[in-house]
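Summary of the model geometry
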Amino acid sequence: MSGESVLDLVPVLPVVVVEDAATAVPLARALVDGGLPAIELTLRTPAALDAIRAIAAEVPEIALGAGTITTPQQADAAVAAGAGFLVSPGATPTLLSAMEGTGVPFLAGTSTVSEVMAVLEAGLSEMKFFPAEAAGGAPYLRSVAGPLPQARFCPTGGITPASAPSYLALANVGCVGGSWITPADAVAAGDWERISKLAAEAASLG
């Protein structure tokens with residue numbers, strides 16, 4: 001998805017933790033079937049890179065991202081596994097440089113005005129806002145738009161189907177990240193129909 005904006009792929013970006021790589025492909029297909037052809041697969045489990053490899057090989061129609069990128073090594077490994085974009089919870093100069101060096105689009109994490117300004121100074125106008133609810137929510141982002149209208153965000157962290165519309169109504173929000181679309185019990189049970197239904201409901205928010 002080189003050159004495409006991560007913020008404009010889908011209204012709700014599914015943020016997914018995969019415990020078993022065998023579930024990755026049917027999970028990705030369920031999201032596509034529900035109308036959300038994008039996924040941020042977090043590097044929080046030993047299965048994550050194998051899951052990315054499997055989705056990249058078998059579900060090419062999904063925009064495949066890797067999340068929870070905290071080191072340059074993780075950025076390189078995720079892209080080598082097939083990730084087409086990266087998402088980090090925060091941004092240091094070293095990590096920003098490493099993610100930029102991969103050549104794929106990425107969203108660097110921010111939660112304060114100073115962090116937003118630092119990412120803007122690095123030449124990036126699109127970023128993640130995390131942890132969204134704990135850091136001030138939609139009212140915070142509405143306030144940030146005053147002095148920094150050029151910054152656009154994907155808020156993630158604590159967002160629900162009920163709160164997502166308040167974020168998506170903001171001019172400086174392109175999409176929100178949501179973990180509610182792939183509940184752990186549904187993934188463990190292989191209830192792909194339920195996940196497709198949740199994906200369809202999320203897609204309708206945009």
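Described in the following lines is the structure provided in the data block. (Residues numbered from 1 in each chain as written. Predicted model: local features only at pLDDT ≥ 70, side-chain atom pairs only at ≥ 80, totals over all residues. Heavy atoms only, no water.)

A few words on the packing of aromatic side chains. Under the defined criterion, the tally for this structure stands at 2 aromatic pairs. Aromatic side chains phenylalanine 129 and tyrosine 140 sit 5.3 Å apart centroid to centroid with 10 degrees between the ring planes, which places their arrangement in the stacked category. Of the two residues, phenylalanine 129 sits in strand β6 (residues 126–129) while tyrosine 140 sits in helix α6 (residues 137–144), which places them 11 residues apart along the sequence. Since its relative accessible area comes to 24%, tyrosine 140 is described here as partly exposed. Summarising the aromatic geometry, the rings of phenylalanine 129 and phenylalanine 153 are spaced 6.3 Å apart at their centres and angled 70 degrees between planes, so their arrangement reads as edge-to-face. With phenylalanine 129 in strand β6 and phenylalanine 153 in strand β7 (residues 152–155), this residue pair connects regions lying 24 residues apart in the sequence. Summarising the burial analysis for this pair, phenylalanine 129 and phenylalanine 153 share the class buried. One aromatic cluster is present, formed by Phe129, Tyr140 and Phe153 through successive ring pairs. Here lysine 128 stacks its cationic end above the ring of phenylalanine 130, 4.8 Å away from the centre of that ring. (Phe/Tyr/Trp six-rings, centres within 6.5 Å; stacked < 30°, edge-to-face > 60°. Helix = DSSP H or I, 4+ residues; strand = E, 2+ residues; numbered from the N terminus. Buried < 20%, exposed > 50% of the residue type's maximum accessible area, 1.4 Å probe, protein only. Lys NZ or Arg CZ within 6 Å of the ring centre and 35° of its normal.)

A separate point is helix α4 (residues 93–101). It helps to recall that an α-helix has 3.6 residues per turn; residues three or four apart then point in one direction. For α4, the complete set of buried residues consists of Leu95, Leu96, Ala98 and Met99. For α4, the buried positions fall inside an angular range of 165 degrees around the axis, keeping them on one side. Counted as exposed and oriented over 90 degrees from the buried face of α4: Pro93, Thr94 and Gly101. Where α4 is buried, its residues meet α3 (72–81), β4 (85–87) and β5 (106–110). Once α4 finishes, glycine 103 follows within two positions and takes phi at roughly 85 degrees, a positive value. (Arc of directions from axis to C-beta. Contact = heavy atoms within 4.5 Å.)

Looking at the element boundaries, isoleucine 195 is found in helix α9 (residues 192–203). With 124 residues separating them along the chain, isoleucine 195 and threonine 71 place their C-alpha atoms 31 Å apart. Beyond its immediate stretch of four places on either side in the chain, isoleucine 195 contacts Ala30, Leu31, Ile181, Thr182, Ala186 and Val187.

In terms of residue burial, β5 counts as a mostly covered element, since 5 of its 5 residues are buried. With 2 bridges connecting them, β4 and β5 associate as parallel partners. By the bridge assignment for β5, leucine 86 is matched with phenylalanine 106. In this fold, the crossover linking β4 to β5 by way of α4 has right-handed handedness. In the sheet, β5 pairs with β6 via 3 bridges, with the strands oriented parallel. Of the residues in β6, the one forming a bridge with threonine 110 is phenylalanine 129. (Pairing = 2+ DSSP bridges. Right-handed = clockwise from strand over helix to strand, strands pointing away.)

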